[in-house]
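The lines below spell out each chain.
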Amino acid sequence: MGNKEKIDALRSILRKHNHNYYVLDAPTISDYDFDMQLKELQELEAKHPEFFDPTSPTLRVGGAVTKNFETVVHEHRMYSLSNSYSKEDLEDWEKRIQRILGDVTVEFTCELKYDGASISLSYENGKLLRAVTRGDGFQGDNVTTNIKTIRAIPLQLQGDFPPKFDIRGEIVLPLDGFAAMNKKRISEGEEPYMNPRNTASGSLKLQDSTLVAERPLDCLLYGIVGKNTGITSQFEMLEKARDWGFKVPSIAKLCKNTDEVLAFVAYWDEHRHELPYETDGVVIKVNSLRYQEELGYTAKSPRWAMAYKFKAEQVATVLNEITYQVGRTGAITPVANLEPVLLAGTTVKRASLHNADQIAKLDIREGDTVFVEKGGEIIPKIMGVDLTKRPLQSRPTTYITSCPECGTTLLRTTGDAKHYCTNYYGCPTQITGRIQHYISRKAMDIEGMGSETVELLFKEGLIQNYADLYILTKEQVMPLERMAEKSAENLVNGVSKSTEIPFERVLFALGIRFVGETVAKKLARAYKSIDLLMKASMEDLISVDEIGDRIAESVIEFFENEKNIEIVTRLKSYGVQLEISAEKLENQTDLLKGQTFVVSGVFEKLSRTELKKMIEDNGGKVATSISSKTTYLVAGANMGPSKKAKAENLGISMISEDEFLEKMNT
Ligand code: AMP
Ligand code: ZN
């Protein structure tokens, strides 16, 4: 087999596997085998740039960066939908249709209304040509590079598709993927995303497509527009789209009359929480495309379609008590303790009240009957108060002024919505919270010790901070509740074993505000030891890739505290790794210090990740886009022409992979 044939064969196999996995949800090979074949294709493509294909499965990983999205006028306008909320609304609509069409039998296709960001995809000769956001309906943004990373969207169609058409759909973030993204964010000390819809639509406009590729986005299709598609009904359209490789949920139903439509709506109103993604209603469409054409459009929406909005997911319940939680950073979060109530398929007992402003704005009081709503948020929120049910003796809520755990007067700095307990070293919840974070799995991973043990040790006066862990003895621990000789021994051993944990994780374990796992890695790599990090100035810190003002300030504040210095010094004396190990350092140099690299294209000897790591290990900086600050553009095969032009314009030196490696060897 020639190279061209080999490349074509691999592309076609990988396309099939992508489809099985992401569209049909029925993979037939292991992830490992898939990766191996993808790697093989990448290598072949790198050697043979002459066979470049913009629809190759290798382009799913992203890489391209878009600074300004091009505006594109939609060839066919993207309309809104009219809304209905009741049986009567629907019956009125049916009457209007019948009046226009005369006395004919009208059938309807019912689909779910997926709650995400709308997208229009243009295909020509079976290849994805362009993807455009809805924008104002007349024109939107060209987000093709980002859309290509969504595996459920076919870059190359199968079967007997028409030569040219547009297809419309909704980009959604499935709930489990959304939950995983938030879990990661929280572990990195970031605020969680509010809901899947906004996160999905925000993703489309990210500049770096690599970041889009990392998000578990999905695309559900519902409508084809174009001339001579050979399709005669909405239901047939869905089936055809599915055959050509698009992801079209099988839930759609062909209904003979309004009663069947209402039954579909009633069923999904109740069962929609069992779906893997969010929906906010049902879309009912006249099935015959001929009738659709006859009905036409109003100024804003098609006359042949109607959205039936699900009832807002709101319940009323009594707010029994407002309590206040203290986080390990001292931030206070007010919590509404509710009379348990069923909402969106789960029993809700608590809701977040966010902060003092929120409580004051809605005038929320204990004893009130409140409306609780659940969107994609992790915990439900309170939307308002039913004032007709407010008890006579009700009093406005006075926000606490001192810490519920230690009594310290709370501080609120301007510009921050939260109150803080500033008793960093005396507030019991902050102390145990920090130690619990220190021992947690992603931090020091101390075996034989859990959150309760930390509380117990603290209560018994055995530990005040994480450095104290290292002087605990078996004899001290054994007499404690639920401890025995063996468990005490495990605990002490677990602590001493944590001295093997590498510097970057120790840095994360220290619990500096905003220093999550990723930031800790960046800082460890940039500074190499805690001593150098401690001495870093504000300007110095923000010059590190991805370190902003907020993080830099927090780091400086942490090391300004004498007590923190004392604890760090003690950790050092117990053998905790406070610098990058010699072994790791061996692979690291300052050879590329002060130089900024942009890496683009596909490489032969190293993967992009390896290449970037090599640059960073040797003191260089990797940037995502070319600017006047770029020192070198490392150019691989299939590099985007616009990058090349930009580099040439700015007079940036371009080097090949080999030239880069040569540089490293001198
Ligand atoms: P609205 O934004 O409320 O006017 O609703 C119109 C939007 O609903 C369209 O732009 C689509 O993005 C979205 N939508 C979601 N699911 C469907 C569907 N099955 N059929 C048509 N539109 C849908
Ligand atoms: Zn406190």
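Reading the values: rules and limits
Residues numbered from 1 in each chain as written. Chains lettered and ligands numbered in written order. Predicted model: local features only at pLDDT ≥ 70, side-chain atom pairs only at ≥ 80, totals over all residues. Heavy atoms only, no water. Donors = N, O, S within 2.8 Å, 3.2 Å for Na, K, Ca; no water. Tetrahedral: all angles 85-135°; square planar, octahedral: opposite > 155°, others 65-115°. Helix = DSSP H or I, 4+ residues; strand = E, 2+ residues; numbered from the N terminus. Buried < 20%, exposed > 50% of the residue type's maximum accessible area, 1.4 Å probe, protein only. Contact = heavy atoms within 4.5 Å. Salt bridge = Lys/Arg side-chain N within 4 Å of Asp/Glu carboxyl O. Near = heavy atom within 4 Å. Polar contact = N/O pair within 3.5 Å; in protein donor to acceptor, adjacent residues only side chain to side chain. Areas by Shrake-Rupley, 256 points an atom, 1.4 Å probe, with all protein chains shown as cover. Nonpolar A, V, L, I, M, F, W, Y, C, P; charged D, E, K, R; others polar. Expected span 1.5 Å × (residues − 1).

S.K.: Before we move on, could you go through the coordination of the zinc ion (ligand 2) and cite the residues and values that matter?
M.R.: Within the protein, the zinc ion (ligand 2) binds to Cys 403 (SG), Cys 406 (SG), Cys 421 (SG) and Cys 427 (SG); these donor distances fall in the range 2.2 to 2.4 Å. Between the four donor atoms coordinating the zinc ion (ligand 2), the angles at the centre fall across 99 to 114°, so the site counts as tetrahedral. Within one chain, the residues serving as donors to the zinc ion (ligand 2) are arranged as C-x2-C-x14-C-x5-C. You can see Cys 403 sitting in the loop between strand S16 (381–385) and strand S17 (410–411) and its partner Cys 427 sitting in the loop between strand S18 (420–421) and helix H12 (428–439), a full 24 residues away along the chain. For Cys 427, a relative accessible area of 0% gives the class buried.

S.K.: Please set out helix H23 (residues 608–617) residue by residue, giving values where relevant.
M.R.: Among the residues making up H23, those that are buried are Leu 611, Ile 615 and Asp 617. Where the residues of H23 are buried, they touch helix H17 (517–527), strand S19 (596–600), strand S20 (621–623), strand S21 (632–635) and helix H25 (657–665). Gly 619 occupies a position one or two residues after H23 and carries a positive phi of about 85°.

S.K.: Describe the pattern of salt bridges, with residues and values.
M.R.: Per the stated rule, a full pass over the model turns up 33 salt bridges. The partner of Lys 253 in a salt bridge is Glu 260, and the shortest N-O contact between them spans 3.9 Å. Three or more residues joined by partner-sharing salt bridges are found here, namely Lys 522, Arg 525, Lys 613, Glu 616 and Asp 617.

S.K.: Outline the site of ligand 1, listing residues and values.
M.R.: Taken together, Ser 80, Leu 81, Glu 111, Leu 112, Lys 113, Tyr 114, Ser 118, Arg 134, Glu 170, Tyr 222, Val 283 and Lys 285 make up the full set of residues near ligand 1. Contact between ligand 1 and Glu 111: a nitrogen atom at 2.9 Å from a side-chain N or O atom of the residue. Between ligand 1 and Tyr 114 there is a distance of 3.1 Å, counted from a nitrogen atom to a backbone nitrogen or oxygen. Relative to its free-state accessible area of 500 Å², ligand 1 is covered by the protein chains to the extent of 86%. Of all the secondary structure elements, the ones that give two or more residues to the shell around ligand 1 are strand S3 (108–114) and strand S10 (279–286). Considering each element in turn, the shell around ligand 1 owes the most residues, four residues, to S3. Counted by class, the shell around ligand 1 contains five nonpolar, two polar and five charged residues.

S.K.: Give me helix H5 (residues 175–187): which residues, what numbers.
M.R.: In a regular helix each residue adds 1.5 Å, so 13 residues correspond to 18 Å; H5 covers 18 Å between its end C-alpha atoms and thus fits that length. Along H5, the positions that sit buried rather than exposed are Gly 177, Phe 178, Met 181, Asn 182 and Ser 187. Contacts made by the buried residues of H5 are with helix H6 (196–204), helix H16 (503–509) and H17. The positive-phi residue at the C-terminal boundary of H5 is Gly 189, with phi of around 75°.

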